[in-house]
Number of protein chains: 2
Amino acid sequence: MATEETRTVQEAYPMTGGDGLYSYAKNSTQQRKAIDSAKELIKKAIAEKLDKEILLSPKTFRIADLGCSVGPNTFFAAQNILEAVESKYKSEGLNSQIPDVQVFFSDHTSNDFNQLFTSLPQDRRYYAAGVPGSFHGPLFPQNSLHFVHSSSAIQWLSRAPKEVVNKNSPAWNKGRIHCSNSGDEVVLAYKAQYDKDMQQFLQARSGEIVFGGLMVLIVPGIPNGTHHSQSLRSLTFEIFGSCLMDLARKGIISEEKVDSFNLPIYYMSPQELEAAVERNGCFSIEGLEYLPPVIPNVSGESKFNGQFLASYLRAGMEGIIKQHFGEEILDVIFDSYGKKIEENSSIFKFGKAVYFLIILKRIAEN
Amino acid sequence: MATEETRTVQEAYPMTGGDGLYSYAKNSTQQRKAIDSAKELIKKAIAEKLDKEILLSPKTFRIADLGCSVGPNTFFAAQNILEAVESKYKSEGLNSQIPDVQVFFSDHTSNDFNQLFTSLPQDRRYYAAGVPGSFHGPLFPQNSLHFVHSSSAIQWLSRAPKEVVNKNSPAWNKGRIHCSNSGDEVVLAYKAQYDKDMQQFLQARSGEIVFGGLMVLIVPGIPNGTHHSQSLRSLTFEIFGSCLMDLARKGIISEEKVDSFNLPIYYMSPQELEAAVERNGCFSIEGLEYLPPVIPNVSGESKFNGQFLASYLRAGMEGIIKQHFGEEILDVIFDSYGKKIEENSSIFKFGKAVYFLIILKRIAEN
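Because the structure is a prediction, the values reported are computed rather than measured.

Observations regarding the pattern of salt bridges
Residues and elements named next belong to chain A.
Then step 1. This model, assessed by the stated rule, comprises 30 salt bridges over all chains.
Then step 2. Glu272 is the partner of Lys191 in a salt bridge, and the nearest nitrogen-oxygen pair spans 3.2 Å. Of the two residues, Lys191 sits in helix α6 (residues 184-208) while Glu272 sits in helix α9 (residues 270-280), which places them 81 residues apart along the sequence.
Then step 3. For Glu272, a relative accessible area of 15% corresponds to the buried category.
Then step 4. Here Arg249 makes a salt bridge to Asp246, at a shortest N to O gap of 2.8 Å. Of this pair, Arg249 and Asp246 both sit in helix α7 (residues 232-249), three residues apart, which is roughly one turn of the helix.
Then step 5. Of the residues examined, Arg249 reaches a relative accessible area of 63% and is grouped as exposed.
Then step 6. The class for Asp246 is partly exposed, based on a relative accessible area of 24%.
Then step 7. Here the salt bridges do not stand alone but share partners, grouping Lys174, Glu255 and Asp259 into one network.

Printed below as a string of structure tokens:
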């Protein structure tokens, strides 16, 4: 059960709900690509890494997708996992013992669960449930999950580090909203928040996942050994931050408003995640694979489209921007971002980004 | 898993969402009284009827509330059950073996789950999940629930009987919206729909509830041996129907619109429910108790208040009325209902109504 503390300090920034122009439902094709390219890897993980005892024990096989948003991506993921689990039963000669499957779709309480439930596939072969709450705390009963999936979600921190918005701190991140070109203190504050949050995430999951159960995390991150100033995703936030500062200079928002805002996102390297898993001690690392990049690359043949990138960012960020700056600036800020990212499209040449998948197995008591 | 048929023919009329003037959240104090008066009966049922084997077997104790609406009543019910289960463990000397408790809040997909999740008690001692779908079909994995609760919900049918809105049928219910003063054919059509729906409900639950698990249903109904023309609740619908016909006479809605509308609600007697349980064969009846009446009685000292009754009805009926007749008529219809029910307050003297609670235990395979 989440402690009072984790419940009250958690900040929640859901993806844009509904199915409108800027909805996550209509602007998450990039995240879909990650799920598609992960499909075979998940199938392989279930085929090779899921112990036969896990198959024989449960009356119900329970799957959770953490940070599910509103669909449809979460439904593709659930279907992939279901099929892989069924294949595994069949390949082990346990055809007649396939249990009922229950899929828990989990995200922040402020996620649009109404939209999620309305769009559940009619022909699903699993029992669906929604679980509201932060994945930085416990969400499920002890030893109740057999497979946990989370795609493009664990880069979200429980909050931006306190220090980066504190003008009396050496880590004050004045005029910026993320840690790409900021000083070392800012980067260290983000890293410390990440370390704490990731331990809470792993601690919670180690309680919930049965011994031998699997967890697959799909993570947008940075290559090993890369400084955040080279992180492509952070650089796009640098540009977004500069658009906010442009608005401040025009007097549309105050500079203090920008200074008091930092994104609660940390792009980790595979090594950082591996180190966190080892520190936690409850999971073995069964595999780590790189997925094809999902951020458009200007070196390719297709024309670079700033407005497409702006819509993509808006689907994920509208909630948090609206909450801090108000609804009025949404159109203007994402419009100016679309233009500025086109002017600065060179970042897609030198910026670094990876999408990776890690397969964990619960091996020890927490 | 619900079959395609149950999925497509089901009709869903959620309680009014949000927390506004006519919301279910703000207009369900009558239903709350039922839950309060059921509290001790549920506690007693868990203390006396829940077998010790049930307590020892599960790693997670799973509770479901079916037809939960948006709260707060469902949270009171969940808390009551949780405390009773904990007391039972303690009284059996199993203090150290109290498992995690998971509560599934279930209602139609169109229920306002966002409102439900947002208002979940912060200090709850259970893991919460939402389950969308019709309780006339399966909602949970086989043998996964230990206690099922449903209050003021199973009077809802999966649909109004087809015949009552078919002008070529002898059961056509012209100019009326329910079966109180209608002919025998109408009453029989309602009864047949009830029989079918209740069997589907019991069939689904008998698969989901573990052997020895309990189900408590709190039911607004009619006394044994009472004709529906004497049913107080049906008589209030008779008045509501006549308000709709008034609007038709004024040309605000068409008469055909009224003729094509019947409420998918059936007020069963305790004997009818007992007969359905016996016919199903998977449950034993462990108890049947009457709860204090929750409909205001004009014979009491408090002044009869038509507008209060109108708000009460609106919280439960706004969705279905809006869906069929459009939003425009809502204020006028509930206003005229409030007036007309005051003029006809004598129905509260001769109309019959009971609120009863039945305790079932799953005893056989389905």
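Considering the pairing of strand β7 (residues 354-362) of chain B
All names here are of chain B.
Then step 1. Taking burial as the measure, the nine residues of β7 include nine buried ones, the bulk of the element.
Then step 2. Here β7 shows two buried faces, one formed by Val354, Phe356, Ile358, Leu360 and Arg362 and the other by Tyr355, Leu357, Ile359 and Lys361.
Then step 3. Where strand β5 (residues 209-221) meets β7, eight bridges bridge the pair, whose relative direction is antiparallel. Bridging across to β7, Val219 finds its partner in Phe356.
Then step 4. The pairing of strand β6 (residues 283-291) with β7 spans eight bridges and is classified as antiparallel. Paired with Glu289 across the two strands is Leu357, which belongs to β7.

Focus: the packing of helix α10 (residues 306-325) of chain B against helix α11 (residues 330-343) of chain B
All names here are of chain B.
Then step 1. Viewed as axis vectors pointing N to C, α10 and α11 meet at an angle of 140 degrees, and their least axial separation amounts to 9 Å. Comparing their axes, α11 and α10 come out oblique. As α10 runs across α11, the sense of the crossing is right-handed. Between α10 and α11, the contacting residues are Gly306, Gln307, Leu309, Ala310, Leu313, Arg314, Met317, Glu318, Ile321 and Lys322 on the first element and Leu330, Asp331, Ile333, Phe334, Asp335, Tyr337, Gly338, Lys339, Ile341 and Glu342 on the second.
Then step 2. Looking at the contact of α10 with α11 residue by residue, the classes come out as ten nonpolar, three polar and seven charged.

Some thoughts on the packing of aromatic side chains
Then step 1. Taken as a whole and judged by the stated rule, the model has 23 aromatic pairs over all chains.
Then step 2. Residues Phe113(A) and Phe117(A) carry aromatic rings whose centres are separated by 6.1 Å and whose planes lie at 55 degrees to one another, so their mutual orientation is tilted. Of the two residues, Phe113(A) and Phe117(A) are both situated in helix α5 (residues 113-118); the distance of four residues between them amounts to about one turn of the helix.
Then step 3. Judged by its relative accessible area of 3%, Phe117(A) falls in the buried class.
Then step 4. On the basis of an interplanar angle of 70 degrees and a centroid distance of 5.4 Å, the ring pair of Phe104(B) and Phe140(B) is categorised as edge-to-face. With Phe104(B) in strand β2 (residues 100-107) and Phe140(B) in the loop between β3 (127-132) and β4 (145-151), this residue pair connects regions lying 36 residues apart in the sequence.
Then step 5. An aromatic cluster is present here, built from Phe104(A), Phe140(A), Phe104(B) and Phe140(B) joined pairwise through their rings.
Then step 6. We note Arg233(A) situated over the ring of Tyr267(A); from NZ or CZ to the ring centre the distance is 5.7 Å.

The rules behind these values
- Residues numbered from 1 in each chain as written.
- Chains lettered and ligands numbered in written order.
- Predicted model: local features only at pLDDT ≥ 70, side-chain atom pairs only at ≥ 80, totals over all residues.
- Heavy atoms only, no water.
- Salt bridge = Lys/Arg side-chain N within 4 Å of Asp/Glu carboxyl O.
- Helix = DSSP H or I, 4+ residues; strand = E, 2+ residues; numbered from the N terminus.
- Buried < 20%, exposed > 50% of the residue type's maximum accessible area, 1.4 Å probe, protein only.
- Pairing = 2+ DSSP bridges.
- Axes fitted to C-alpha atoms, helices over the stretch in contact; angles between N-to-C directions.
- Parallel < 35°, antiparallel > 145°, perpendicular 65-115°, else oblique.
- Left-handed = near helix turned anticlockwise from the far one by under 90°.
- Contact = heavy atoms within 4.5 Å.
- Nonpolar A, V, L, I, M, F, W, Y, C, P; charged D, E, K, R; others polar.
- Phe/Tyr/Trp six-rings, centres within 6.5 Å; stacked < 30°, edge-to-face > 60°.
- Lys NZ or Arg CZ within 6 Å of the ring centre and 35° of its normal.

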